[in-house]
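Residue-level listing of the chains:
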Amino acid sequence: MSSGDMRSFGNSGAAVTSAKGHVVDLALLAARLTPAIERTRDHLLSLQQADGHWCAELQGDTILESEYILLLSFLGQGQSQKARECATYMLDQQCDHGGWAMFPGGPIEISGSVKAYLALKITGHDPKADYMIRAREAILRAGGMEQVNSFTRFYLAMLGIIPYDLCPAVPPEMILLPKWAPFNIYEMSSWSRTIIVPLSLLWACQPKTKLPPEHQIDELYATPAKTLPRTIGGVNHEGSHGWLNWTKFFQKVDSAIKLGEGLGIKPLRKRAIKLCEQWILDRLKMSDGLGAIFPPIVWTIIGLRCLGYKDDSEVIVQQMLELDKLCIRENEQVRLQPCFSPVWDTIISMIALRDAGVSRHDPAIRKAIDWILSKEVRHPGDWSLSHPNVEPGGWYFEYNNEFYPDIDDTCMALIALGKCLPEGAGREWTMEIFDEPKTGGTVPQNSESPVVFSGRSANAEKAIAELEAAAPMVNAIRRGVRWLKSMQSSDGGWGAFDADNTREVLTKVPFADHNAMIDPSTSDITARVLESFAGLGIPADGSIHKRALDFIWNDQQPDHCWYGRWGVNYLYGTWQVLVGLVANGIPASDPRLKKAVEWLKAKQQSCGGWGETARSYDDPSLRGTGIPTASQTAWALLGLIAAGEADSVAVQRGVDYLLTTQQPKGTWTETEFTGTGFPRVFYLRYHYYCLYFPLMALARYAKATTGSSR
């Protein structure tokens, strides 16, 4: 019990009172717990699709709608019904400060606000309207159009608003660089790669769709010169530069490229363009658009149009259809999702339902297993270039994205499938996968390598029969585990899509101001890898585990929490690390772990919940603070419960917060963005985060305190 907390006893039994006077009646808490779990469980089950998967809306900010309108304008459809409906939605998202933000309650985001203002003008909104005046004034207060980022400049250039020489050079010749060259495209993160290759076609061709005078936005310039500065700032160009200022170096390279191209020095341009075109077309196979995500799909359409593809060509029609799938029409408005999240939503739903006591034999779970197995990657992708001898395995995030499996989805899939193995697997039993490297490194491809389960069972024949029936799942697990092990980076951690994608100098190139050029190891993913191994009973006694644990400990912050790369923020990272460490045998008594527990407890709010604003990525002093949410409260509870704190006052108050804020149907109301796309640049609201994570937390609390989640 923390200092200042106390327990009292009355007619209802035990009660706890926090230092801030928050009283929790433990008997009432226990009585409310099971019905609450059942309500959420039943509601989540009701949301399952007929084929066995779950998929919630994935919400981003208005750059999705504004960029879609700008694309439609480039295609001559800027005044279409769909464009106007997107504009109506954007107008509803305008903030009190007059501009548009990356997340609810956030400060003005200048690039998104400029694109929103331009999109509104294109779709017929009067610049004299009050909301347009407020937007214009907000943009000017924030520094004006001069502050926009590199990707926004490309949109402005293709619409004829600025000249292309004010955009950073993205020469297609980059695709010619061999894999060993320091600046080849495979040194970039996978998501940047899928943007840069089609974007280079726009740079090479430099088309313009001239907007009429009434759609110009000169009024957004804050300086009399009414032009953009030639250099571009951004989150990657801040702070010290060391012995060599790479930002200035690449600015000079950018100027040299433009000078050479202006003089007609482009000897390899035709070959490079052809290779870029083929690179894109190859990766459209077995994928719902390039990378199966909004920005690369948009740039694919623009890039291929630059090469002469007609609007009615099969490939353009298909890519426009992929964008149309991302559109949600509601109340005469259209909003877009950045992508779909079916694999992610399905595997977390499976975990939560299994935690809540739904049998692995339940039809809902069986259908979900079959669906997840159908989404396993079985073909080489970009990752294979660095791991040519590794058998394909793992899972991606979307419906179809065969070239880009990711570590995080693969971890979660293994955790979900591990919970559906014959009872006892991962606990009474252990798993051993043969032909593994003994000290890390590349795993040789061998689809026939065996998986051996060792342990005890009350009925050997039944256990063998169940394992044989589970063979498809076990084989997928085998491939997933071996793929994960091969993707470990040399620092001991794991990134999201690639191993050792850490060439920091790439973050200083002029078009890298989106803060996403590399894909380094992160503690949240690394801990989840270890959690997935532990859930399968894989012994934590090898070099792979040791190096991963060393990475995590070295990444612990001075105040004992962990940074969260893929969720907001330190609450997310600390939860995941605590779960992963404890699952791999780190005792709750470890001083480093105890300090992380105390950090979580200290961030609990007077209402009993936890919350953290996305502003903490810009200002770390805000870590662990913000509007309390169901999803972030669940994360904190999951971390504390894993660390043996289920009987603590903090956990009891957190559970009480979830029970008190639960809606009659078993849902929670949450409008905050607690998902992270790119820190400081793009955030997400996963609409099921406030459903399956609270269910998981309540169920694990019930099991930890009563031995059952039902």
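So, a few notes on the structure that sits alongside this text. It should be emphasised that the depicted structure is a prediction, and the values quoted were computed from it without experimental measurement.

### Section: the overall build of the protein
Helix and strand counts for the protein stand at 23 helices and ten strands. Within the protein, the fraction of its 710 residues that count as buried is 60%. For the protein, contacts bridging at least 24 residues in sequence account for 73% of all contacts bridging at least 6. Here the protein displays about 27100 Å² of accessible surface, and carbon together with sulfur accounts for 54% of that area.

### Some remarks on the packing of aromatic side chains
Summed over all chains, the structure comprises 31 aromatic pairs. Both rings, one in Phe340 and one in Tyr399, keep their centres 5.5 Å apart while their planes meet at 65°; by these two values the pair is edge-to-face. Residue Phe340 is found in the loop between strand S6 (333–336) and helix H12 (342–355), and its partner Tyr399 is found in the loop between helix H13 (363–374) and helix H14 (407–418); the two are separated by 59 residues along the sequence. We classify Phe340 as buried; its relative accessible area is 18%. Given a relative accessible area of 21%, Tyr399 falls into the partly exposed group. These aromatic residues form a ring-pair network of at least three members: Trp344, Phe397, Tyr572, Trp575, Trp635, Tyr686, Tyr688, Tyr689, Tyr692 and Phe693. Residue placement shows Arg565 over the ring face of Trp566; its charged tip is 3.7 Å from the ring centre. The side chain of Arg592 reaches across the aromatic face of Trp553, ending 3.6 Å from its centre.

### Structural notes on the pairing of S6
Residues of S6 alternate between two faces, with Gln333 and Arg335 on one and Val334 and Leu336 on the opposite face, all of them buried. The pairing of strand S5 (residues 327–330) with S6 spans four bridges and is classified as antiparallel. If you follow Cys327 over to S6, its bridge partner there is Leu336. The loop that links S5 with its antiparallel partner S6 comprises two residues; one of these, Asn331, has a positive phi angle of about 55°.

### Some remarks on helix H9 (residues 269–283)
Its 15 residues give H9 an end-to-end C-alpha distance of 21 Å, which sits within 8% of 21 Å, the value for a rise of 1.5 Å per residue. All of the buried residues along H9 are Arg269, Ala272, Ile273, Cys276, Glu277, Trp279, Ile280 and Arg283. Buried positions in H9, seen along its axis, are confined to an arc of 160° and lie on one side of it. Set apart from the buried face of H9 by more than 90 degrees, the exposed residues are Lys270, Arg271 and Lys274.

### Let's talk about the side chain of Asp382
Inspection of the secondary structure assignment puts Asp382 in the loop between H13 and H14. Apart from residues lying up to four places away in sequence, Asp382 is in contact with Tyr186, Arg193, Trp279, Arg283, Phe403 and Tyr404.

### A look at the pattern of salt bridges
Applying the stated rule across the entire model yields 34 salt bridges. Linking Glu391 and Arg378 is a salt bridge whose minimum nitrogen-to-oxygen distance equals 3.5 Å. Of this pair, Glu391 sits in the loop between H13 and H14 while Arg378 sits in the loop between H13 and H14; the two residues are 13 residues apart in sequence, bridging distant segments of the chain. A salt bridge links Arg623 to Asp559; the shortest N-O distance between them is 2.9 Å. Here Arg623 is found in the loop between helix H20 (591–602) and helix H21 (630–642), whereas its partner Asp559 is found in the loop between helix H18 (543–554) and helix H19 (570–583), with 64 residues between them in sequence. Taking the relative accessible area as the measure of exposure, Arg623 reaches 11% and is therefore buried. For Asp559, a relative accessible area of 27% corresponds to the partly exposed category. Residues participating in the shared-partner salt-bridge network are Arg193, Arg283, Asp382 and Asp498.

### A word on the sheet that holds strand S4 (residues 58–59)
Hydrogen bonding along the main chain pairs the strands of a sheet, whether they run parallel or antiparallel. Here we have three strands laid out as an open sheet, ordered S4-S10-S9, and antiparallel in their pairing. This sheet does not close on itself; its edge strands, each paired only once, are S4 and strand S9 (675–678). In this sheet, strand S10 (residues 682–686) lies alongside S4 in antiparallel orientation, the contact comprising two bridges. Pairing of Leu58 across the sheet is with Tyr686, part of S10.

### Some remarks on the nonpolar core
Among the nonpolar cores identified, the biggest contains 216 residues, and Leu323, Trp344 and Phe693 are the most heavily contacted of them. Residue contributions to this core peak at twelve residues, all from helix H23 (residues 689–706). The residues contacting Leu323, other than those within four sequence positions of it, are Tyr68, Leu71, Phe294, Ile297, Val298, Ile301 and Leu336.

### A word on the environment of Cys327
Its location among the elements puts Cys327 in strand S5. C-alpha of Cys327 to C-alpha of Lys82: the two residues are 245 residues apart in sequence and 9.5 Å apart in space. Discounting chain neighbours no more than four positions away, the residues touching Cys327 are Tyr68, Lys82, Val334, Arg335 and Leu336.

### Points about the packing of helix H4 (residues 110–122) against helix H5 (residues 130–141)
The N-to-C vectors of H4 and H5 enclose an angle of 150°; their axes lie 10 Å apart at closest approach. Considered as vectors, H4 and H5 are oriented roughly antiparallel to each other. Two packed elements cross with a definite hand, and for H4 against H5 that hand is left-handed. Within the contact between the two elements, H4 uses Ile110, Ser113, Val114, Tyr117, Leu120 and Lys121 and H5 uses Met132, Ala135, Arg136 and Ile139. When the residues that make up the contact of H4 with H5 are grouped by side-chain class, the tally is seven nonpolar, one polar and two charged.

### Considering unusual backbone geometry
One non-glycine residue, Asn331, lies in positive phi territory at about 55°. Note on placement: Asn331 falls in the loop between S5 and S6. A positive phi angle, near 60°, is found at Glu332, a position not held by glycine.

### Remarks on helix H2 (residues 63–74)
Here H2 contains twelve residues, and its C-alpha end-to-end distance of 16 Å stays within 8% of the 16 Å for a straight helix at 1.5 Å per residue. The complete set of buried residues in H2 reads Ile63, Leu64, Glu65, Ser66, Glu67, Tyr68, Ile69, Leu70, Leu71, Leu72, Ser73 and Phe74. Looking one or two residues past H2, Gly76 carries a phi angle of roughly 80°, positive in sign.

### Focus on the environment of Ala87
Structurally, Ala87 is set in helix H3 (residues 81–92). Distance from Ala87 to Tyr117, taken between C-alpha atoms, is 9.5 Å for residues 30 residues apart in sequence. Look past the residues within four positions of Ala87 in its chain and what remains in contact with it is Ile69, Leu120, Thr123 and His125.

### Details of a nonpolar patch on the surface
Residues Trp246, Phe249 and Val253 make up a contiguous nonpolar surface patch of roughly 220 Å² in combined accessible area. Within the secondary structure, Phe249 sits in helix H8 (residues 246–262). You can call Phe249 partly exposed: its relative accessible area is 36%.

### Brief notes about the environment of Gly393
Examined against the element boundaries, Gly393 turns out to sit in the loop between H13 and H14. Take Gly393: its relative accessible area is 0%, and that puts it in the buried class. The spatial distance from the C-alpha of Gly393 to the C-alpha of Arg378 is 5.8 Å, given a sequence separation of 15 residues. The contacts of Gly393, once residues within four sequence positions are left out, are Glu376, Val377, Arg378, Pro405, Arg479 and Trp483.

Calculation rules
- Residues numbered from 1 in each chain as written.
- Predicted model: local features only at pLDDT ≥ 70, side-chain atom pairs only at ≥ 80, totals over all residues.
- Heavy atoms only, no water.
- Helix = DSSP H or I, 4+ residues; strand = E, 2+ residues; numbered from the N terminus.
- Buried < 20%, exposed > 50% of the residue type's maximum accessible area, 1.4 Å probe, protein only.
- Contact = heavy atoms within 4.5 Å.
- Areas by Shrake-Rupley, 256 points an atom, 1.4 Å probe, with all protein chains shown as cover.
- Phe/Tyr/Trp six-rings, centres within 6.5 Å; stacked < 30°, edge-to-face > 60°.
- Lys NZ or Arg CZ within 6 Å of the ring centre and 35° of its normal.
- Pairing = 2+ DSSP bridges.
- Expected span 1.5 Å × (residues − 1).
- Arc of directions from axis to C-beta.
- Salt bridge = Lys/Arg side-chain N within 4 Å of Asp/Glu carboxyl O.
- Core = buried A, V, L, I, M, F, W, Y, C linked by side-chain atoms within 4.5 Å.
- Axes fitted to C-alpha atoms, helices over the stretch in contact; angles between N-to-C directions.
- Parallel < 35°, antiparallel > 145°, perpendicular 65-115°, else oblique.
- Left-handed = near helix turned anticlockwise from the far one by under 90°.
- Nonpolar A, V, L, I, M, F, W, Y, C, P; charged D, E, K, R; others polar.
- Patch = residues over 30% accessible without salt bridge, like charges linked within 9 Å, V, L, I, M, F, W, Y side chains within 5 Å.

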